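# Topology and contacts: notes
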Amino acid sequence: MIDHTKRIRDHFAESAQLKLEAVDGLAPEISRAASILTECLFADGKILACGNGGSASDAQHFAAELVGRFERERPELPAISLATDTSLLTAVANDYSFEQIFAKQVRALGTKGDVLLAISTSGNSANVMAAIEAAHKREMRVIALTGKGGRIGELMAPGDVNLCVPHSRTARIQEVHLLMIHCLCDAIDATLLGDES
């Protein structure tokens with residue numbers, strides 16, 4: 001029987017180290033992103049979230065935290081994951097292209113003042129980039145969760161925020177993305193309900 005204890009400890013150490021190293025650079029931008037989301041919600045806007053694979057799960061997680069609750073009871077908040085409707089996703093992918101699965105939903109559901117939460121660990125997902133372009137045409141702001149650099153950073157408008165995790169390993173990027181999502185949810189709740197440290 002193989003003992004994986006050392007590998008597990010290495011995973012924990014690398015994840016913890018990345019978070020500690022990244023916090024100073026990311027915290028001000030996460031705070032700015034939280035302000036954008038809160039302003040949108042106060043103005044009766046909604047948040048659309050998209051991503052592929054693990055990032056699709058993160059988009060769903062974020063929407064669930066807002067519509068349901070994060071850690072405290074509060075009124076439901078309007079957030080929609082664009083990665084959940086299998087009939088729509090497969091129809092658009094089949095009839096148009098996989099690149100359009102999120103952009104078509106942004107054009108259908110997004111309105112001026114809404115926010116797109118665009119998640120891509122590589123920063124290069126073509127369908128996420130198409131969604132960003134569609135969001136800009138709808139006069140929506142964009143908050144991107146990325147890593148490894150990528151071209152998404154080049155698509156950001158002056159009012160957008162690109163939260164780029166400074167790492168190349170997908171698992172580590174996803175771990176920080178989840179932490180950032182929880183930070184965003186907490187900041188929204190603190191703004192709406194008062195700071196309860």
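Rules and cut-offs
- Residues numbered from 1 in each chain as written.
- Predicted model: local features only at pLDDT ≥ 70, side-chain atom pairs only at ≥ 80, totals over all residues.
- Heavy atoms only, no water.
- Pairing = 2+ DSSP bridges.
- Helix = DSSP H or I, 4+ residues; strand = E, 2+ residues; numbered from the N terminus.
- Axes fitted to C-alpha atoms, helices over the stretch in contact; angles between N-to-C directions.
- Contact = heavy atoms within 4.5 Å.
- Buried < 20%, exposed > 50% of the residue type's maximum accessible area, 1.4 Å probe, protein only.
- Patch = residues over 30% accessible without salt bridge, like charges linked within 9 Å, V, L, I, M, F, W, Y side chains within 5 Å.
- Areas by Shrake-Rupley, 256 points an atom, 1.4 Å probe, with all protein chains shown as cover.
- Salt bridge = Lys/Arg side-chain N within 4 Å of Asp/Glu carboxyl O.
- Parallel < 35°, antiparallel > 145°, perpendicular 65-115°, else oblique.
- Left-handed = near helix turned anticlockwise from the far one by under 90°.
- Polar contact = N/O pair within 3.5 Å; in protein donor to acceptor, adjacent residues only side chain to side chain.

Read across the open sheet, the five strands follow the order S2-S1-S3-S4-S5; overall the sheet is parallel. On the outer flanks of this sheet lie strand S2 (79-81) and strand S5 (161-165), each paired with one strand and no other. In this sheet, neighbouring strand axes are inclined to one another by 15° on average, regardless of whether the strands run parallel or antiparallel. Pairing between strand S4 (residues 141-147) and S5: five bridges, direction parallel. In the sheet register, Ile143 faces S5, and the bridge partner there is Val161. The sheet contacts of helix H1 (residues 5-42) involve strand S1 (47-50), strand S3 (115-120), S4 and S5, and relative to S5 the element is tilted by about 155°. Against the sheet, helix H5 (residues 126-137) makes contact with S1, S3 and S4, and its axis sits at roughly 165° relative to S3, the strand it touches most.

Quick look at unusual backbone geometry now. Non-glycine residue Asp44 carries a positive phi angle of around 65°. With respect to the helices and strands, Asp44 occurs in the loop between H1 and S1. Under the relative-accessibility criterion, Asp44 is labelled exposed at 74%. Positive phi, close to 60°, is recorded for Glu139, a residue that is not glycine. Here Glu139 is to be found in the loop between H5 and S4.

Residues Ile47 and Ala49 line one face of S1 and the alternating positions Leu48 and Cys50 line the opposite face, and both faces are buried. In this sheet, S2 lies alongside S1 in parallel orientation, the contact comprising three bridges. Paired with Ile47 across the bridge in S2 is Ala79. Here four bridges tie S1 to S3, and the two strands are oriented parallel to one another. Each bridged residue has a counterpart across the sheet, and for Ile47 the counterpart in S3 is Val115.

Taken together, the side chains of Phe42, Leu192 and Leu193 make up a nonpolar region of the molecular surface, amounting to roughly 260 Å² of accessible area. Summarising the element assignment, Phe42 is placed in helix H1.

We now examine the environment of Ala144. Among the secondary structure elements, Ala144 is positioned in strand S4. When the C-alpha atoms of Ala144 and Asp95 are compared, they prove to be 27 Å apart, with 49 residues separating the residues in sequence. For Ala144, the contacting residues outside a window of four places in its chain are Ala118, Ile152, Met156, Val161, Asn162 and Leu163.

The geometry of helix H2 (residues 54-67) relative to helix H7 (residues 170-193) is characterised by a closest axis approach of 11 Å and an angle of 15° between their N-to-C directions. Taken together, the axes of H2 and H7 are roughly parallel relative to one another. Judged by the twist between their axes, the crossing of H2 over H7 is right-handed. Here Gly54, Ser55, Asp58, His61, Phe62, Glu65 and Leu66 of H2 lie close against H7, whose contacting residues are Gln174, His177, Leu178, Ile181, His182, Cys185 and Ile188.

Along the chain, the position of Ser120 falls in strand S3. Ser120 sits in the buried class, given a relative accessible area of 1%. A polar contact of 3.5 Å, which involves the side chain of Ser120, links it to the backbone nitrogen of Asn124. For Ser120, the side chain forms a polar contact with the side chain of Ser125, separated by 2.9 Å. When neighbours within four sequence positions are excluded, Ser120 is seen to be in contact with Ser55, Ser125, Leu145, Thr146, Gly147, Ile152 and His177.

None of this, on its own, says anything about what the molecule does.
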